[in-house]
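Chain by chain, the residues:
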Amino acid sequence: MKKAPGLRSYTLFYLLFLYGPILLLPIFAFNDSRVVAFPLQGFTTGWFAEMAADQNLRNAAKNSLIIALSVATISTVLGIFAARASVRYRFPGKGPLMSMIMLPLVLPEMIVAMALLVVLLSIGIPLSLFTVILGQTLICTPFAVAILTSAFQSLDRSLEEAALDLGETPWSTFRLIILPLVMPGILASFLICFTISFDEFIIANFLGSGQPILSVYIFGQFRFPAKVPSMLALGTLLVLLSIILLGFAEYMRRRGIAKAGGKVSGGFL
Amino acid sequence: MTATDDRPTMIEFKDVHKYYGDYHALRGINGTIKAGEFFSLLGPSGCGKTTLLRTIAGFEDISSGVIMIDGKDMADVAANVRPTNMVFQSYAIFPHMSVEENVGFGLRKDPRSKEDKARAVAEALEQVGLKGFGKRAAHALSGGQRQRVALARALILKPKVLLLDEPLSALDKKMREHMQVELIKLQRQVGITFILVTHDQEEALVMSDRIAVMFEGEIAQLADPETLYRRPATRKVADFIGTMNFIPASILSEAGDKVEVEAKGLGRVALDIAQAPEKTGETPVVGLRPETLTLLYDDQKAPERETDGVIDEVIYFGDMTYYDVYLGGTDVEVRLSMRNVPGRPVLDVGDRVRVAWSPSALVLFR
Amino acid sequence: MAQTPRSEARTGLKLISPTAIYVILLLAVPLATVLVYSVMTGGRGIVSFPLTFENYAELWSKSVYGYIMLKSLLVALVVTAATVILAYPVAYFVSFHVKPERKSLWLFLITIPFWTSYIIRVSLWFVILGFGGVLDSTLAVVGLQPLNLASYSILSIIIVLAHAYAPFAVLPIFVSLEKVDRSLLEAGQDLGESRWVTFLRVTLPLSMPGVIAAALIVFIPTVGDYVTPELVGDGKEPMIANLIETQLLKLQNFPQGSAFAVASMLMVGIVSVAFVLWNRRFIGGSK
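Keep in mind that what you see is a predicted model, and the values were worked out from it rather than measured.

Remarks on the overall build of chain B
If you tally the helices and strands in chain B, you get eight helices and 20 strands. Summarising its shape, the C-alpha atoms of chain B cover approximately 75 × 50 × 40 Å along the three principal directions. For chain B, the share of sequence-separated contacts (at least 6 apart) that also reach a separation of at least 24 residues comes to 65%.

A word on the overall build of chain A
Helix and strand counts for chain A come out as 11 helices and zero strands. Along its sequence from the N terminus, chain A presents helices and strands in the succession α-α-α-α-α-α-α-α-α-α-α. Once the C-alpha set of chain A is aligned to its principal axes, its extents read approximately 70 × 65 × 30 Å. Each of the 269 residues in chain A was classed as buried or not, and the buried ones make up 52%. Counted over contacts in chain A with a minimum sequence separation of 6, partners at least 24 positions apart contribute 78%.

Some words on the interface of chain B and chain A
Reports of interface size often rely on the accessible area that becomes lost once the parts have come together. Listed per partner, the contact involves 18 residues of chain B and 17 residues of chain A. Tallied by class, the residues present in the side of chain B that touches chain A amount to 10 nonpolar, six polar and two charged.

Some details on the interface of chain A and chain C
Counting from both sides, the interface comprises 70 residues of chain A and, opposite them, 77 residues of chain C. At the level of secondary structure, the elements contributing two or more residues to the side of chain A that touches chain C comprise α1 (5-29), α3 (55-88), α4 (94-102), α5 (109-123), α6 (129-153), α8 (170-199), α10 (214-221) and α11 (228-259) of chain A. Sorting elements by how many residues they give to the side of chain A that touches chain C places α1 of chain A first, with 13 residues. Each residue belonging to the side of chain A that touches chain C can be placed in one class, and the counts come to 56 nonpolar, seven polar and seven charged.

So, the sheet that holds strand β1 (residues 9-20) of chain B
Residues and elements named next belong to chain B. Strand order in the open sheet made by the four strands is β2-β1-β4-β5, with antiparallel pairing throughout. Each of the sheet's edge strands pairs with one partner strand only, and the pair in question is β2 (23-34) and β5 (72-73). Relative to β5, strand β4 (residues 64-69) runs antiparallel, the two sharing two bridges. Across the sheet, Met 68 pairs through a bridge with Asp 73, a residue of β5.

A closer look at the domain arrangement of chain B
Taken as a whole, chain B is organised into domain 1 (9-230) and domain 2 (290-357). Look at where the C-alpha atoms of domain 1 of chain B and domain 2 of chain B centre, and you get two points 43 Å apart.

Details of unusual backbone geometry
Residues and elements named next belong to chain B. Positive phi, close to 40°, is recorded for Glu 166, a residue that is not glycine. Inspection of the secondary structure assignment puts Glu 166 in the loop between β7 (161-165) and α5 (173-190). Here the phi dihedral of Glu 216 falls at roughly 45°; this positive angle occurs in a residue that is not glycine. A residue is classified by how many C-beta atoms lie within 10 Å of it, and Glu 216, with 15 of them, is partly exposed.

Things to note about the sheet that holds strand β19 (residues 352-357) of chain B
Residues and elements named next belong to chain B. Spatial ordering of the open sheet is given by β15-β19-β16-β17-β18, a layout of five strands whose pairing is antiparallel. Two strands close off the open sheet at either side, each with one partner strand: β15 (294-296) and β18 (333-339). Each neighbouring strand pair of the sheet contributes to a mean axis angle of 50°, computed without reference to strand direction.

Considering the packing of α1 of chain A against helix α3 (residues 63-97) of chain C
With their axes 9 Å apart at the nearest point, α1 of chain A and α3 of chain C run at an angle of 125° to one another. Relative to α3 of chain C, α1 of chain A is oriented oblique. Considering the relative orientation of α1 of chain A and α3 of chain C, their crossing is left-handed. Contacts between α1 of chain A and α3 of chain C pair Leu 7, Arg 8, Tyr 10, Thr 11 and Tyr 14 of chain A from the former with Leu 86, Pro 89, Val 90, Tyr 92, Phe 93 and His 97 of chain C from the latter. A per-class count over the contact of α1 of chain A with α3 of chain C returns eight nonpolar, two polar and one charged.

Brief notes about the pairing of strand β3 (residues 38-42) of chain B
Both faces of the sheet carry side chains from a regular strand, because those side chains alternate between them. All names here are of chain B. Buried residues dominate β3, accounting for five of its five residues. The two faces of β3 match: Phe 38, Ser 40 and Leu 42 on one face and Phe 39 and Leu 41 on the other face are all buried. Inspection of the sheet shows β3 paired to strand β8 (residues 193-198) by five bridges, in the parallel sense. Bridge pairing links Leu 42 to Thr 198 in β8. By the bridge criterion, four bridges tie β3 to strand β9 (residues 210-215) in an arrangement that is parallel. Looking across to β9, one finds that Leu 42 is bridged to Val 213.

Brief notes about the environment of Leu 59 of chain C
Residue position: Leu 59 of chain C is located in helix α2 (residues 54-61). C-beta crowding within 10 Å serves as the criterion here: with 20 such atoms nearby, Leu 59 of chain C is assigned to the buried category.

Details of helix α11 (residues 240-250) of chain C
All names here are of chain C. When you tally the buried positions in α11, you get eight out of 11 residues, the bulk of the element. Burial in α11 covers these residues: Ile 240, Ala 241, Asn 242, Leu 243, Ile 244, Glu 245, Gln 247 and Leu 248. Of the residues flanking the end of α11, it is Gln 252, one or two places downstream, whose phi is positive at about 55°.

Focus: the environment of Gly 220 of chain A
Along the chain, Gly 220 of chain A falls in helix α10. Taking the C-alpha atoms as reference points, Gly 220 of chain A and Ala 52 of chain A, 168 residues apart in sequence, are found 17 Å from one another.

Let's talk about the nonpolar core
Counting 272 residues, the largest nonpolar core has Ile 195 of chain B together with Ala 214 of chain C as the members making the most contacts within it. It is helix α7 (residues 153-179) of chain C that contributes the most residues to this core, 16 residues altogether. Viewed by domain, this core spans two of them, domain 1 (9-230) and domain 2 (290-357) of chain B, each represented by three or more residues. Those residues in contact with Ala 214 of chain C that lie beyond four places of it in its chain are Val 84, Ala 87, Phe 168, Ala 169, Pro 172 and Ile 173 of chain C.

With respect to the confidence of the model for chain A
The share of residues in chain A with pLDDT of 70 or more is 94%, and the mean pLDDT across the chain is 85. In this model residues 264-269 of chain A is a low-confidence stretch, pLDDT under 50, and it forms 11 contacts with partners more than four residues away in sequence or in other chains.

A look at the packing of α10 of chain A against helix α5 (residues 118-129) of chain C
One way to put it is that α10 of chain A packs onto α5 of chain C with a least axis distance of 9 Å and a crossing angle of 5°. What the angle tells us is that α10 of chain A and α5 of chain C run roughly parallel. Facing Ser 215, Ile 218 and Phe 219 of chain A of α10 of chain A, the residues of α5 of chain C in contact are Ile 119, Ile 120 and Ser 123 of chain C. Along the lines of polarity and charge, the residues of the contact of α10 of chain A with α5 of chain C split into four nonpolar, two polar and no charged.

As for the pairing of β1 of chain B
All names here are of chain B. Sheet analysis places β1 next to β2, joined by nine bridges and oriented antiparallel. What sits directly across from Ile 11, in β2, is Ile 33. The antiparallel pairing of β1 with β2 creates a hairpin that spans two residues between the two strands, and Gly 21 there sits at a positive phi of about 60°. Direction of pairing for β1 relative to β4: antiparallel, over a ladder of five bridges. Bridging from a neighbouring strand, Glu 12 pairs with Met 68 of β4.

Analysis parameters
- Residues numbered from 1 in each chain as written.
- Chains lettered and ligands numbered in written order.
- Predicted model: local features only at pLDDT ≥ 70, side-chain atom pairs only at ≥ 80, totals over all residues.
- Helix = DSSP H or I, 4+ residues; strand = E, 2+ residues; numbered from the N terminus.
- Contact = placed C-beta atoms within 7 Å.
- Buried ≥ 20, exposed ≤ 12 C-beta atoms within 10 Å, placed from the backbone.
- Nonpolar A, V, L, I, M, F, W, Y, C, P; charged D, E, K, R; others polar.
- Pairing = 2+ DSSP bridges.
- Domains from an automatic or database assignment.
- Axes fitted to C-alpha atoms, helices over the stretch in contact; angles between N-to-C directions.
- Parallel < 35°, antiparallel > 145°, perpendicular 65-115°, else oblique.
- Left-handed = near helix turned anticlockwise from the far one by under 90°.
- Core = buried A, V, L, I, M, F, W, Y, C linked by C-beta atoms within 7 Å.
- pLDDT = per-residue confidence, 0-100.

So this is what it looks like as structure tokens:
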């Protein structure tokens with residue numbers, strides 16, 4: 001490796017820019033002042049206490065949890081179907097169908113949300129947590145498909161044939177061979193969809209009909225300066241949670257590929 | 001080489017065709033494979049040999065024709081109930097299972113007791129020389145060991161036919177030669193029909209009772225190794241198997257079971273009709289294997305015919321020397337091989353030589 | 001499991017059908033509805049015949065709408081350019097100057113911020129750039145004049161968006177740089193080119209597909225961003241998404257809102273196709 005001190009310091013500076021705002025989170029979450037500004041005023045855990053005591057926040061967190069768990073489950077299941085079909089089978093209309101499934105990746109989220117909203121309002125389906133789940137599943141499924149496709153692809157086709165050859169039915173082959181080998185991919189997909197859903201704002205805001213949902217709640221609270229410090233405390237926790245979940249997801253993904261005898265490369269997506 | 005004719009038929013192909021969309025992968029396969037035979041499908045990549053093997057296993061449907069295994073039409077028989085088992089090119093060892101679990105995989109629905117199954121697994125492992133490896137993790141095995149596991153896993157089900165898809169291609173040369181011998185021994189021991197797919201002609205010749213040579217979706221010749229080598233049916237087969245010199249020739253007369261030809265540099269030769277297998281319409285050539293040609297030293301006499309020549313190239317191989325020789329003042333060049341035995345000096349480029357040959361070693365392609 | 005192509009097709013279709021049906025019902029149908037609504041006559045809360053292009057005409061004639069669309073486009077393009085240019089050296093560094101076994105770690109470090117709550121990241125900027133916020137108070141501590149960036153809404157929006165989508169840009173560029181055959185670079189230098197010229201003539205063109213992909217990945221969500229103008233711009237500088245929201249939800253004019261949605265999709269589509277066509281130039285027309 002050639003040394004490139006200029007590039008290296010630029011990259012470190014870039015990372016600092018990326019992390020800068022996030023690093024402010026814990027600093028001000030423990031800062032004993034309602035005004036988020038330097039100089040710091042001393043250490044407190046009061047904002048965490050205030051956050052924990054907020055009944056609305058707890059409600060919103062509970063709703064977000066319900067939504068994220070449902071979205072992660074449904075997206076992953078839909079992702080398994082689509083990824084397996086696209087990796088393993090040739091069928092007419094595969095290209096257009098897969099493009100349609102992956103389309104939300106390249107559509108501004110606002111458009112997806114609004115199109116769905118227009119139809120829901122037109123046919124008179126009341127907005128609820130359920131409609132948020134419907135919408136977010138649409139957004140998360142492409143991510144699930146992408147992760148699971150790489151999991152299915154790293155699976156040697158002859159493993160499946162070997163199981164059939166040794167007397168198993170297609171279904172028992174799926175259960176005994178394919179499922180255990182792609183399980184890490186499934187877990188990774190679940191965790192990533194969970195994270196995306198938990199953080200998602202636009203669909204939660206427009207399809208949620210004002211139900212307290214964490215991201216929407218945070219968005220609202222930041223407008224009140226007095227609420228900002230406790231939101232920073234919340235943000236600190238959420239960032240920690242994200243990092244833990246993602247680290248775990250990445251670990252599972254790597255283990256999955258290694259288990260199926262493949263070589264690990266790249267990162268997410 | 002064992003005689004195979006008296007054995008019952010295990011597999012029969014009747015006009016088997018396979019299309020992938022517009023691509024005609026198998027073009028009318030006919031033939032039989034006998035019970036207990038070590039049979040090879042040999043050909044260059046893309047000739048359809050693997051496709052044919054997979055149609056036997058049931059992984060590919062055929063577009064038309066019939067495949068019978070042990071007298072039963074396989075048309076509606078799924079892969080998981082066919083009396084065949086396969087050793088895959090990649091071995092397809094289940095990476096999340098131990099060696100034991102891999103080998104015992106096919107016994108899941110077997111009604112035998114746990115202890116009996118464990119005994120069967122141990123026996124199968126011993127049979128392939130992996131005694132005591134049962135508890136190992138699959139990913140901790142070497143290439144050769146994986147192959148043995150794949151063999152044990154397939155043989156434990158006592159299939160009527162064992163299918164081997166280029167099983168040795170992933171091994172290094174030494175290991176490959178070692179496994180060739182082991183496979184032959186194993187096949188004799190279990191007596192099951194083995195069908196081997198390979199692109200390596202030497203491997204096919206060494207291991208098989210009979211070989212089907214395939215080109216472009218067709219069987220070009222189905223014969224035992226010796227016939228295949230000595231009497232290849234077409235120039236293409238001759239070219240694919242071993243080395244053969246092709247010498248331009250013209251047909252002078254054909255009467256009864258004799259064909260008389262004029263071969264460039266060799267002169268007039270009378271051949272038995274058996275030496276001219278079938279007419280394919282190509283320009284006539286006669287074929288000669290390098291080892292059927294001999295250089296005559298000093299005043300040695302040729303037992304049959306001899307022709308003058310000039311050495312154009314000398315390729316020294318240690319135990320052997322290959323010579324490229326221009327025949328009888330023509331531009332026809334043949335390669336011949338001589339064993340380097342004491343008292344037989346290696347000759348030089350430009351040396352004038354006498355080449356002995358036998359009309360009975362000739363094959364005529366026309 | 002002997003399979004003719006037909007039975008394979010059937011199995012494949014059966015398998016994909018749950019996902020396909022879901023996407024058709026919840027994405028294709030709504031998008032089609034929006035398309036139809038956009039050519040219908042609208043009023044507050046009503047959608048009716050006759051079919052008309054009035055909504056699109058409205059979009060052209062009212063300069064405020066055109067201004068917002070154009071502004072969104074420009075903001076998105078500036079953000080895209082800034083993001084990609086800033087990200088390129090990072091991707092280059094990781095691809096060419098980091099030991100292979102450490103590459104994933106660097107990429108992981110770069111991607112983590114993307115996976116942390118978008119809402120929180122954007123809101124943090126609100127706190128940083130706001131009046132008397134972190135930035136200005138820091139400047140005050142070191143004795144400088146406050147910048148009051150918050151009063152320059154568009155600039156703040158650009159900074160925040162460029163930050164929010166930065167990690168998106170690094171990955172595709174990195175992937176295309178990884179694919180550059182290292183021996184080509186040695187060949188370039190062997191032929192007497194300087195490192196800089198080799199970079200311009202070999203590396204950069206070969207990595208253009210990644211650059212274009214990065215540009216697309218950043219452009220699409222930025223042009224449709226809702227949160228940043230709302231929060232950082234304090235709603236004073238609405239972009240397309242905010243406009244659509246106003247029409248659809250606040251004014252309940254479905255046809256007009258749909259026309260905006262369709263127009264913005266067209267805009268995104270045209271820019272994306274332009275990017276893709278540009279990309280073709282670098283890979284010799286063959287995809």
